[in-house]
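Coordinate analysis (summary)
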Amino acid sequence: MTNKQHLTYTYSKIALRVVMATAVPIGMAVTGIADAQVVEATAGRAPGASQERQISLNEAISLARRNNPSTVQARGAERAGKAAIRSAYGAFLPSISLSAGASKQSGGRSVIDTLTGTAAGRNWNYSNGFSVNALLFDGARFSGLSAAKSDLEVAKATTIAQDYSISLQVAQQYYAALMARESQLAAAAQLKQAEEQLNAATRRYQAEAATRSDSLRAFVQVANARSAALSAETSLRSANAALSRLIGSVEIVTASESDTATTSLPLLDSAQLVTLALEGPAVDQSRAAYEAARARRSSAKAAYLPNISAGYSRSGSGSDSRFGYGSNPYSYGGQVSFSISYPLFNQFSREEQIVRAKVNESVSEAQLRDTELAARQQSVQLYDALRTALEQVKAQDAAVEAAEEDLRVQQARYELGLSTIVDLLTSQTQLNQARSDLISARFNARIARVQIEVLIGRNLDQLPLSSSQE
């Protein structure tokens, strides 16, 4: 061996010892961090974060329906619709008004009152009166009342549809937080296993039963697991913040640990689901909009009907400052009026309104038909999506179990020197992927079930069983 080769060999041994001296303490430190994270993750909170308040999905949906701006706006439109109906009924009642006034003329020549000897032009003059006016016949009032009722039905249907829409948004964010927590637990388990593999590789290297490559590969695996744990923590914190905003909570909330029940297939077939979908909130909303458009078309035709009105007024005036109730009573006069009017021609404005109303009715009818077809389509797609997701959950459960057993065998073989670190790390990677796929499958199944409930506007657990299912 030449001097140059000997020097290179010496430097290599020194570098190897430095790497191992550094890797072992770091591995022990990472081990401590992993243990702490496993404890915190098991407790149901993000590592290093304060304890968020856990809420159930039903509570989250209830808060969102009460606080979310879209649902507040929908309920405001419903209140406005009720006020419009009161106004439509009030149009059948006569209008009543009272009046009282005082006036004084200034300037010009004053007229001397021979009885009192005062200047009449400089005195105050008082008056009072009342009037009643009634619209005896107006076709627009009847059609307007019908349109107001239809608009209220639209507002009610919109409120229900908006409630279920916000329920879907809350459920998606709620299950996203739940998925982030499950990912955090999986990352903690991954980190713990990677640390065990690093310890095993370190022991085998110190016993000169493995190469430096094993320890370095294991150390990289620990670093990757640490990164996965931090990423899962970030996802959980972000999901919790988004959920808190969605339900209008100043306090940070998170999904309850108890909401981890396995999703099941609803106790009804696809044909029954189609029937329920055609009675769902989206179809009801579209149907109410179509009925309102029909009412608006009838209201537009009322412009061809005449208006008949009548009125009565009575008033008096004088110099009594107590408006005729003092020593100088007023002389009163009354007036009765009756009128009928019919617009013969108004520059085709009536015709334009009727055409617009008919166009809106046609559009609403087309939208109703499309909404019904969409409900049929979605009922089939969502039912199949839920069924597929549930099968994927079963498959991924088995895949995780198989991957865990394979990793256990590879760890034992590696300890005995019967397999390489590559085989061990490959098994660990497969287990990590199986866990991730299982979490995604659970999320997809939960979301598919919620989408079905939003489509039909009912809770699947509360549906009555059919005769065949009983």
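Here goes a summary of the coordinates provided. (Residues numbered from 1 in each chain as written. Predicted model: local features only at pLDDT ≥ 70, side-chain atom pairs only at ≥ 80, totals over all residues. Heavy atoms only, no water.)

1. Side note on the packing of helix α4 (residues 139-206) against helix α7 (residues 281-301)
Two elements in contact, α4 and α7, have axes separated by 8 Å at closest approach and are oriented at 165°. The pairing of α4 with α7 is recorded here as roughly antiparallel in orientation. As for how α4 packs across α7, the hand of that crossing is left-handed. Looking at the contact of α4 with α7 residue by residue, the classes come out as 11 nonpolar, eight polar and five charged. (Axes fitted to C-alpha atoms, helices over the stretch in contact; angles between N-to-C directions. Helix = DSSP H or I, 4+ residues; strand = E, 2+ residues; numbered from the N terminus. Parallel < 35°, antiparallel > 145°, perpendicular 65-115°, else oblique. Left-handed = near helix turned anticlockwise from the far one by under 90°. Nonpolar A, V, L, I, M, F, W, Y, C, P; charged D, E, K, R; others polar.)

2. Here we look at the sheet that holds strand β2 (residues 95-104)
Here we have four strands laid out as an open sheet, ordered β2-β3-β5-β6, and antiparallel in their pairing. At either end of the open sheet lies a strand with only one pairing partner, and these are β2 and β6 (331-341). Taken pair by pair, the neighbouring strands of this sheet meet at an average axis angle of 15°, ignoring direction. As paired elements, strand β5 (residues 307-318) and β6 share 11 bridges and run antiparallel to each other. Among the inter-strand pairings, S313 is bridged to a residue of β6, identified as Q335. (Pairing = 2+ DSSP bridges.)

3. Some thoughts on the nonpolar core
Among the nonpolar cores identified, the biggest contains 40 residues, and L273, L386, Y414, A445, I452 and I456 are the most heavily contacted of them. With 25 residues, the next largest nonpolar core counts L63, V170, A177 and A239 among its residues. (Core = buried A, V, L, I, M, F, W, Y, C linked by side-chain atoms within 4.5 Å. Buried < 20%, exposed > 50% of the residue type's maximum accessible area, 1.4 Å probe, protein only.)

4. Section: the pairing of β5
The sheet contact formed by strand β3 (residues 124-138) and β5 spans 12 bridges and is antiparallel. Note on β5: the bridge partner recorded for L135 is S309.

5. A closer look at the pattern of salt bridges
A side chain with one charge can pair with a side chain of the opposite charge if their charged atoms come near. Overall, the coordinates contain 18 salt bridges when judged by the stated rule. For R442, the salt bridge is made with E182, and the minimal N-O distance between the two is 4.0 Å. Placement of the pair is R442 in helix α9 (residues 421-456) and E182 in helix α4, with a sequence separation of 260 residues. Taking the relative accessible area as the measure of exposure, R442 reaches 30% and is therefore partly exposed. For E182, a relative accessible area of 12% gives the class buried. Across the pair D397 and R442 runs a salt bridge whose closest N-O atoms are separated by 3.9 Å. Taken together, the residues D397 in helix α8 (residues 349-415) and R442 in helix α9 connect sequence positions 45 residues apart. For D397, a relative accessible area of 36% puts it in the partly exposed group. (Salt bridge = Lys/Arg side-chain N within 4 Å of Asp/Glu carboxyl O.)

6. Some points on a nonpolar patch on the surface
On the surface, a nonpolar cluster with roughly 690 Å² of combined accessible area is contributed by Y89, F92, L136, F137, F142, L305 and F338. Inspection of the secondary structure puts Y89 in helix α3 (residues 69-90). (Patch = residues over 30% accessible without salt bridge, like charges linked within 9 Å, V, L, I, M, F, W, Y side chains within 5 Å. Areas by Shrake-Rupley, 256 points an atom, 1.4 Å probe, with all protein chains shown as cover.)

7. Section: the packing of aromatic side chains
This model, assessed by the stated rule, comprises three aromatic pairs. Ring geometry for Y174 versus Y175: centroids 5.9 Å apart, planes at 80°, classification edge-to-face. A relative accessible area of 0% means that Y174 is categorised as buried. Across from the ring centre of Y164, 5.3 Å away, lies the NZ or CZ of R65, which sits over that ring. (Phe/Tyr/Trp six-rings, centres within 6.5 Å; stacked < 30°, edge-to-face > 60°. Lys NZ or Arg CZ within 6 Å of the ring centre and 35° of its normal.)

8. Concerning helix α5 (residues 212-247)
For α5, spanning 36 residues, the distance from its first C-alpha to its last is 53 Å, which sits close to the expected 52 Å at 1.5 Å a residue. Taken from the residues just after α5, G248 is the one with a positive phi, measuring 75°. (Expected span 1.5 Å × (residues − 1).)

9. Digging into the packing of α7 against α8
In a packed pair of helices, the relevant descriptors are the angle between the two axes and the axis-to-axis distance. Between α7 and α8, whose axes approach to 8 Å, the crossing angle comes to 165°. Judged by the inter-axis angle, α7 sits roughly antiparallel to α8. In the packing of α7 onto α8, the handedness of the crossing is left-handed. Looking at the contact of α7 with α8 residue by residue, the classes come out as 10 nonpolar, six polar and nine charged.

10. Some points on the pairing of β3
The pairing of β2 with β3 spans 10 bridges and is antiparallel. Considered in β3, the bridge of K104 is made with W124.

11. Notes on the side chain of T371
Take T371: it is sitting in helix α8. There is a polar contact of 2.7 Å between the side chain of T371 and the backbone oxygen of Q367. T371 has contacts with A282, V283 and S286, leaving out every residue within four places of it along the chain. (Polar contact = N/O pair within 3.5 Å; in protein donor to acceptor, adjacent residues only side chain to side chain. Contact = heavy atoms within 4.5 Å.)

That is the geometry; function is a separate question.
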